[in-house]
Number of protein chains: 2
Amino acid sequence: MRIYLDCWPCFMRQALSAARRAGADADLQRHLLLATMEQLQALPPGATPPEIGARIHRLVRECTGVSDPYAESKRAATERALALLPELRARLAAAPDAFETAVRIAIAGNIIDDGALAAYDLEATLERVLHAPLVGEGLEPLRAALERAESLLYLADNTGETVFDRAFIEWLDRPLTYAVKAAPIINDATRADAEAAGLVPPLVELIDSGSDAPGTPLPECSPAFRERFVKADLIIAKGQANYETLSTVDAPIVFLLQAKCAVIAEDLGLPVGSVVVRATDGVRRAS
Amino acid sequence: MRIYLDCWPCFMRQALSAARRAGADADLQRHLLLATMEQLQALPPGATPPEIGARIHRLVRECTGVSDPYAESKRAATERALALLPELRARLAAAPDAFETAVRIAIAGNIIDDGALAAYDLEATLERVLHAPLVGEGLEPLRAALERAESLLYLADNTGETVFDRAFIEWLDRPLTYAVKAAPIINDATRADAEAAGLVPPLVELIDSGSDAPGTPLPECSPAFRERFVKADLIIAKGQANYETLSTVDAPIVFLLQAKCAVIAEDLGLPVGSVVVRATDGVRRAS
């Protein structure tokens with residue numbers, strides 16, 4: 001997905017928020033806003049929002065010397081989500097269609113987002129996503145693709161959301177590879193964050209993308225990761241940044257996300273707040 | 001009030017919104033965002049948010065050739081507010097403390113704001129502002145100042161809000177001067193906008209600030225306006241931009257506003273959403 005002009009003020013807001021989380025003083029905050037504007041003034045053609053987001057958050061980390069400005073937010077999100085895990089399991093056990101509920105739980109966790117959102121209400125979102133219409137018509141293609149697929153790659157998004165992924169993956173009860181970021185970026189999950197959420201063998205094989213960019217910009221990922229990506233029979237991609245970086249990639253992907261910002265909602269052709277299961281052509285054709 | 005770093009993304013958002021309202025195509029929208037960043041990169045020390053807002057909105061008007069991008073929004077806001085006027089009058093007639101209700105009605109109208117807000121709910125705001133705590137401890141100083149004052153200057157803010165001012169001013173039932181902007185800026189009221197809301201003689205004497213800047217930046221106002229400002233026994237100043245431009249001016253001012261953005265709320269030392277009657281030292285000392 002391309003960068004929309006609406007993303008520009010959002011990058012500025014994110015830079016300021018990250019700078020403050022990293023403890024930058026007012027002068028450094030100002031410097032980081034100026035540096036963000038330089039990035040926007042020199043946007044390379046074809047860049048996706050996560051690619052520019054990665055540059056801006058790298059700048060914040062370099063200028064502040066804080067390697068993980070979102071560490072405390074991530075720790076708190078995992079703790080809060082783990083406290084909900086027994087309830088998520090109970091809801092799955094009681095669900096008339098456990099597959100659909102498992103998918104909805106995975107999507108509900110996507111509300112945990114320190115990039116797109118200033119604040120969120122986790123419990124209220126769970127209730128909403130469990131009952132809202134599922135749009136994108138991908139649920140049945142996903143069900144069919146899961147039956148066909150031998151190798152399954154699951155692209156993680158945010159820390160804490162990982163616990164909601166865990167509930168889904170426990171219910172799936174099959175081998176899969178769970179891919180996180182190679183280094184901290186916003187509140188995206190890294191290996192340590194995923195491990196803290198219980199995403200460890202034998203439940204999953206844990207790998208990283210080889211990159212600290214949000215989403216999955218394939219040219220920035222490691223050769224080892226790209227090989228896994230190409231070989232996967234089915235890729236479940238969580239969250240906005242994975243949609244932004246992979247929406248035009250020809251691969252068997254099902255995107256699970258909440259359309260939290262107006263730009264992504266417009267790109268999807270759906271209202272803000274939509275609970276989305278979007279399958280690529282490759283998945284739809286096969287089912 | 002000074003410009004906070006949080007204002008930077010907000011200026012970008014406003015520039016884009018104004019450009020689109022003026023019908024700018026994608027290239028021109030982009031050009032206007034770049035021009036806005038140039039303004040932010042060269043911020044003069046001591047500038048207030050309305051001064052920079054004025055520059056940005058002037059740029060939009062010049063580059064698009066549209067003299068009043070908010071014309072349709074203003075027309076609709078006045079129409080909607082006029083439809084509420086009978087209800088406002090009825091509430092005043094039934095109020096146990098009509099003065100307090102009149103002040104609350106004037107503040108409720110301040111939700112109509114195409115600058116600070118992307119959207120608002122007029123009827124729900126009226127209900128909220130009529131019953132929320134009034135903060136700033138200015139109600140009794142205002143009551144006393146109105147009893148003392150001979151000459152009264154009322155600084156208008158947004159179009160449509162004008163109708164809520166009219167309900168307050170009808171209830172006051174005394175001569176006063178109502179000051180609007182000299183030319184269109186965001187959805188701020190001009191002479192024509194105020195006249196469409198019924199703010200005409202003999203209810204008020206209608207003047208303009210001599211400037212198209214939001215709020216009342218005195219150095220940008222006409223000498224004639226400044227003379228009226230200096231001679232007024234009491235100045236009622238509506239909305240955020242008047243607070244931003246006059247909060248450090250030594251004059252007998254009572255600010256009536258809703259703290260709609262986090263920056264102004266912080267400057268006031270109050271939560272976002274506060275219903276504010278803030279009197280300057282000059283007003284408080286005299287009462």
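Residues numbered from 1 in each chain as written. Chains lettered and ligands numbered in written order. Predicted model: local features only at pLDDT ≥ 70, side-chain atom pairs only at ≥ 80, totals over all residues. Heavy atoms only, no water.

## Regarding the overall build of chain A
Scanning chain A for helices and strands turns up 13 helices and seven strands. Relative to the globule expectation of 19 Å for 287 residues, the C-alpha radius of gyration of chain A, 18 Å, shows essentially globular dimensions. Projected onto the principal axes, the alpha-carbon positions of chain A cover approximately 55 × 40 × 35 Å. A burial count over chain A gives 59% of its 287 residues as buried. Sequence separation of 24 or more characterises 72% of the internal contacts of chain A that already satisfy a separation of 6 or more. Accessible area of chain A: about 11,100 Å², with a carbon and sulfur share of 53%. Side chains of chain A give 29 positive and 40 negative charges; the mean places of these two sets differ by 1 Å. (Helix = DSSP H or I, 4+ residues; strand = E, 2+ residues; numbered from the N terminus. Rg over C-alpha atoms; globule rule 2.2 N^0.38 Å. Buried < 20%, exposed > 50% of the residue type's maximum accessible area, 1.4 Å probe, protein only. Contact = heavy atoms within 4.5 Å. Areas by Shrake-Rupley, 256 points an atom, 1.4 Å probe, with all protein chains shown as cover. Lys, Arg positive; Asp, Glu negative; His and termini not counted. Charge placed at Lys NZ, Arg CZ, Asp CG, Glu CD.)

## Here we look at the domain arrangement of chain A
Residue and element names in this part refer to chain A. Its domain assignment divides chain A into domain 1 (7-64) and domain 2 (73-286). For domain 1 and domain 2, the distance between their C-alpha centres works out to 25 Å. Facing 13 residues of domain 1, the contacting portion of domain 2 comprises 16 residues. Both sides of the domain 1 and domain 2 interface together cover about 1,100 Å² of buried area, and 53% of this is carbon and sulfur. When the area that domain 1 buries against domain 2 is broken down by residue, the three leading residues are Arg 21, Pro 50 and Arg 61, summing to 35%. Across the domain 1-domain 2 interface, the total number found is four salt bridges. At the junction of domain 1 with domain 2, the criterion picks out five residue pairs in polar contact (both at pLDDT 80 or more). Elements with a minimum of two residues in the side of domain 1 that touches domain 2: α1 (7-21) and α3 (49-64). Per-element tally for the side of domain 1 that touches domain 2: the top contributor is α3, with eight residues. Residues of the side of domain 1 that touches domain 2, tallied by class, amount to four nonpolar, four polar and five charged. (Domains from an automatic or database assignment. Buried area = accessible area lost by both parts, 1.4 Å probe. Salt bridge = Lys/Arg side-chain N within 4 Å of Asp/Glu carboxyl O. Polar contact = N/O pair within 3.5 Å; in protein donor to acceptor, adjacent residues only side chain to side chain. Nonpolar A, V, L, I, M, F, W, Y, C, P; charged D, E, K, R; others polar.)

## Concerning the sheet that holds strand β4 (residues 205-208) of chain A
Residues and elements named next belong to chain A. Read across the open sheet, the seven strands follow the order β1-β7-β6-β5-β2-β3-β4; overall the sheet is mixed. Edge positions in the sheet fall to β1 (134-135) and β4, since each of these pairs with one other strand and no more. Looking at chain direction, strand β2 (residues 152-155) and strand β5 (residues 234-238) are connected through four bridges and run parallel. Bridge pairing links Leu 153 to Ile 235 in β5. Here helix α5 (residues 98-108) sits on the sheet and contacts β1, β2, β5, β6 (253-258) and β7 (275-279); the angle it forms with β6, its principal contact strand, is near 60 degrees. (Pairing = 2+ DSSP bridges. Axes fitted to C-alpha atoms, helices over the stretch in contact; angles between N-to-C directions.)

## Notes on the packing of α5(A) against helix α6 (residues 122-131) of chain A
When two helices pack together, their arrangement is given by the angle between their axes and by how far apart the axes lie. Residues and elements named next belong to chain A. For the pair α5 and α6, the least separation of the axes is 9 Å and the interaxial angle reads 140 degrees. Regarding the angle of α5 to α6, the classification is oblique. For the pair α5 and α6, the sense of crossing is right-handed. Packed against α5, whose contacting residues are Thr 101, Arg 104, Ile 105, Ile 107 and Ala 108, the element α6 presents Thr 125, Leu 126, Val 129, Leu 130 and His 131 at the interface. Taken together, the residues of the contact of α5 with α6 sort by class into six nonpolar, three polar and one charged. (Parallel < 35°, antiparallel > 145°, perpendicular 65-115°, else oblique. Left-handed = near helix turned anticlockwise from the far one by under 90°.)

## Overview of the relation of the copies chain A and chain B
Mapping chain A onto chain B leaves a residual RMSD of 0.0 Å; the transformation is a rotation of 180 degrees accompanied by 0.0 Å of translation along its axis. Considering both components of the superposition, the chain copies are consistent with a two-fold axis. Closest approach to the rotation axis among the C-alpha atoms of chain A is made by A:Pro9, whose C-alpha sits 2.3 Å away. Taken together, the interface assignments show that 100% of the residues at the interface of chain A recur at the interface of chain B, consistent with an identical surface on both copies. (Least-squares fit on C-alpha atoms with pLDDT ≥ 70 in both.)

## Looking at the side chain of A:Thr36
Residue and element names in this part refer to chain A. Note that Thr 36 resides in helix α2 (residues 26-41). A residue is classified by how much of its surface remains accessible, and Thr 36, at 1% relative accessible area, is buried. Discounting chain neighbours no more than four positions away, the residues touching Thr 36 are Phe 11, Met 12, Ala 15 and Ile 56.

## What about the nonpolar core?
Counting residues in each nonpolar core, the largest one holds 82 residues, and the members touching the most others are A:Phe229 and B:Phe229. The contact partners of A:Phe229, leaving out residues within four places of it in the chain, are A:Leu153, A:Leu155, A:Leu218, A:Ile235, A:Leu246, A:Val249, A:Ala251 and A:Ile253. (Core = buried A, V, L, I, M, F, W, Y, C linked by side-chain atoms within 4.5 Å.)

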